[in-house]
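# Observations on the model geometry
Each chain, written out:
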Amino acid sequence: MDRWSGVLKVLLDPNNRNYYRIAASLCFSSTSKSLIDFIPSVNRYGEPKSYAPIGFPASTSTVSLLSSCHEQAKNVISSGQRKPCSTSVSGSQPKTLILGFSKGCTVLNQLVTELGSSEVKSPVNPKHVRQQPGVKELSGDQEQVQIIPRTKESLLNSITEIHYVDVGLNSSGAYITDQNVIGRISKRLVDRAPGIRFLLHGTPRQWCDSKRAWIRDEKDKLYRLPESEAPRSDGKLKVCARFYFADRLPDIQMHFEIIEKMDAG
């Protein structure tokens, strides 16, 4: 498949033994065990026992993974060029859209949980940013606006959209249903954090599965929570749900077709 051309095998950081495969369109772990870097409570089936912000593991690991992937991609590109490729862009600070597909909802939920417990901070000069462990220092020519977040704080503060893409588990926990988490995110928006939009994308494969009815129940609850917080966030917290292939019977094919059909606008 064209989707899997140009896959990189990347270490989370020099002190970590887990490798991750990074494609242009998808990021995923090779084993459920590797999810421990993001969600300490995950079991051997990749299912979370709970989501907690202690230590901010998902945001810390995501920043390290992005940095490692960026460095490796830069080296691959530069190997065919005489001049090293640029690592920065001009303009405003980047906005981050996070997507969780299928079982990837677990990492997404952990990031949302950490987002609810993070402080709202104003953008700072890259010269004054303390880098995450495993993230390389910037040279003078690179001290501009970065194309990827360099710290867990900058990652969390840059999130503007959260996409749940046909997520589901064989246990509960596919969607965040903790009212306290959504309430804290709403408070962040009142404290001048950027607006956030939750987008729930689903198919009959997940939302109409009578054997896993909790998936739809959790989706409906997550849909209601941002709606109830919208007035307190001055309308900066938004949510919408999009149902795909509604005229088809559930099958595994639609679970992957949604990646192509997804309306992210």
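Just so you know, these numbers come straight off a predicted model, no measurement behind them.

## Side note on the overall build of the protein chain
- When helices and strands are tallied, the protein chain shows 7 helices and 7 strands.
- Starting at the N terminus and ending at the C terminus, the protein chain contains elements arranged as β-β-β-α-β-α-α-β-α-β-α-α-β-α.
- Of all 265 residues assigned to the protein chain, the portion counted as buried reaches 46%.
- Of the roughly 14,300 Å² that the protein chain leaves accessible, carbon and sulfur atoms contribute 52%.

## Digging into helix α6 (residues 213-229)
- For α6, spanning 17 residues, the distance from its first C-alpha to its last is 25 Å, which sits close to the expected 24 Å at 1.5 Å a residue.
- Turning to α6, its buried residues are Ile215, Glu218, Lys219, Leu222, Leu225, Pro226 and Glu229. On an axial view of α6, the arc spanned by its buried residues comes to 125 degrees, and they lie on one face.
- Of the surrounding elements, those touching the buried residues of α6 are β5 (159-165), α4 (179-190), β6 (196-202), α5 (204-207) and β7 (237-243).

## Some words on the nonpolar core
- In this structure, Val112, Ile162, Tyr164, Tyr175, Ile185, Ile196 and Phe198 are the most contacted members of the largest nonpolar core, which totals 40 residues.
- Contributions of two or more residues to this core are made by α1 (57-78), α2 (105-116), α3 (152-158), β5, α4, β6, α6 and β7.
- Once residues lying within four places of it in the same chain are set aside, the contact partners of tyrosine 175 are Asn109, Tyr164, Val167, Leu200, Trp207, Ile215, Glu218, Lys219 and Leu222.
- Counting 5 residues, the second-largest nonpolar core is a separate cluster that includes Val165, Phe245, Met254 and Ile258.

Reading guide: rules and limits
- Chains are numbered independently. Their residues run from 1 in the order of the written sequence.
- The predicted nature of this model means local features are confined to residues of pLDDT at least 70 and side-chain atom pairs, given and counted, to a pLDDT of 80 or more, with totals for whole chains, interfaces and linings taken over all residues.
- Excluded from the side-chain calculations are hydrogens and water; all other atoms, namely the structure's heavy atoms, are used.
- Here a helix means four or more residues in a row that DSSP labels H or I, a strand means two or more in a row labelled E, and each is numbered from the N terminus.
- Remark: exposure states derive from per-residue accessible area (1.4 Å probe, protein chains only) relative to the maximum for the residue type, with buried under 20%, exposed over 50%, and partly exposed in between.
- Using a 1.4 Å probe, the Shrake-Rupley method yields the accessible areas, and only the shown protein chains count as cover for residues.
- Here, expected helix span is obtained from the residue count minus one, scaled by 1.5 Å.
- In this description, the arc belongs to the directions extending from the helix axis to the C-beta atoms.
- For this analysis, residues touch if any pair of their heavy atoms sits within 4.5 Å.
- Throughout this description, the term nonpolar core refers to a set of buried Ala, Val, Leu, Ile, Met, Phe, Trp, Tyr and Cys residues connected via side-chain atoms within 4.5 Å.

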